[in-house]
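Residue-level structural notes
Listed below, chain by chain, are the residues.
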Amino acid sequence: MFQLSEKEAAYLDKVGSVINYPKGQIIFSAGQKSNEVYLIKSGLVKIYRTAGDGRQVSVAIRYPGEFIGLAEVLSDYSEREYSAEAMDNVSVLIIWQDAFKKLISDFPDFSSKMLKLMCDRLRESQNTIYDFIMNPTQGRLALVLLTMAERAGNEEKNGMMKVNLRVTQEELACVIGSSRQTVSSLLNLFKEDGSLVYEGREIVGIDVRQLRTWIQDS
């Protein structure tokens, strides 16, 4: 995770503004003019693009402590190419472009961390392409669930990870490029073989070793 120093965090808190978004609200949309970046304080954010037939194609899920909206501000593109939507109640710190670029120029360590972040995201994109080519639908779903658990869960002794994945079947379908009906069927399979533990309709536990058996090259 991207770690801010105390001075960097203090600077961002000074120049930024906190905005809260309820679940389902759009934070920014493709085609909008871009003049700001966002630091997620709490909640999950889905980054996606809308296909010509109206389908949403998710390209990333971003977590607390991560920046979104960087690409346009750090490049010559003036418009957003992707949209961002709150997957649950989200709080973000908005930092305008000039203040953000001043942070990069005045804090060399932050500039280095930002370069590493962009390299990590390039590698993440490459790995995602590979994983999605190598895995059928069940493997892609298992990968997404494991990633979410690792970023938001707490590992326990017996390989069971306690989680609180407040994500809908529609959102999972969007992320893996499948249908809600297929995701529903696969989640039931994962539950039956012990990969997932439910309380009511919410996933509260993941057996990491068992879920990995669904993934090719795991």
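Residues numbered from 1 in each chain as written. Predicted model: local features only at pLDDT ≥ 70, side-chain atom pairs only at ≥ 80, totals over all residues. Heavy atoms only, no water.

Before going further, it helps to spend a moment on the domain arrangement of the protein chain. Partitioning the protein chain into domains gives domain 1 (6-132) and domain 2 (136-213). Spacing between the C-alpha centres of domain 1 and domain 2 amounts to 25 Å. Facing the 13 residues of domain 1 at the interface are 12 residues of domain 2. Counting the surface domain 1 buries against domain 2, the share from its top three residues, Tyr 63, Met 87 and Phe 132, is 44%. Connecting domain 1 to domain 2 are 1 salt bridge. In this structure, Glu 171 and Lys 23 form a salt bridge, with 3.5 Å as the shortest nitrogen-oxygen distance. Counting across the interface, domain 1 meets domain 2 through 2 residue pairs in polar contact (both at pLDDT 80 or more). (Domains from an automatic or database assignment. Contact = heavy atoms within 4.5 Å. Buried area = accessible area lost by both parts, 1.4 Å probe. Salt bridge = Lys/Arg side-chain N within 4 Å of Asp/Glu carboxyl O. Polar contact = N/O pair within 3.5 Å; in protein donor to acceptor, adjacent residues only side chain to side chain.)

The subject of this paragraph is helix H7 (residues 180-192). Its 13 residues place the ends of H7 18 Å apart at the C-alpha level, agreeing with the 18 Å of an ideal helix rising 1.5 Å per residue. For H7, the full list of buried residues reads Val 183, Ser 184, Leu 186, Leu 187 and Phe 190. In this structure, the buried residues of H7 make contact with helix H5 (137-152), helix H6 (169-176), strand E11 (196-199), strand E12 (202-207) and helix H8 (208-212). The first or second residue beyond H7 is Gly 194, which carries a positive phi of 85 degrees. (Helix = DSSP H or I, 4+ residues; strand = E, 2+ residues; numbered from the N terminus. Expected span 1.5 Å × (residues − 1). Buried < 20%, exposed > 50% of the residue type's maximum accessible area, 1.4 Å probe, protein only.)

Topologically, Gln 97 is positioned in helix H3 (residues 97-106). Judged by relative accessible area, Gln 97 falls into the buried class, the value being 16%. A polar side-chain atom of Gln 97 sits 3.3 Å from the main-chain carbonyl oxygen of Val 73. Every residue in contact with Gln 97, bar those within four places of it in the chain, is listed here: Asn 35, Glu 36 and Val 73.

Moving on, we come to the packing of helix H1 (residues 6-15) against H3. In contact at an axis separation of 11 Å, H1 and H3 are set at 165 degrees when each is read in the N-to-C sense. Between H1 and H3, the angle falls in the class roughly antiparallel. In this structure, H1 meets H3 at a crossing whose hand is right-handed. For the pair H1 and H3, contact is made by Glu 8, Tyr 11, Leu 12 and Val 15 and by Ala 99, Lys 102 and Leu 103, respectively. Here the contact of H1 with H3 is built from residues that sort into 5 nonpolar, no polar and 2 charged. (Axes fitted to C-alpha atoms, helices over the stretch in contact; angles between N-to-C directions. Parallel < 35°, antiparallel > 145°, perpendicular 65-115°, else oblique. Left-handed = near helix turned anticlockwise from the far one by under 90°. Nonpolar A, V, L, I, M, F, W, Y, C, P; charged D, E, K, R; others polar.)

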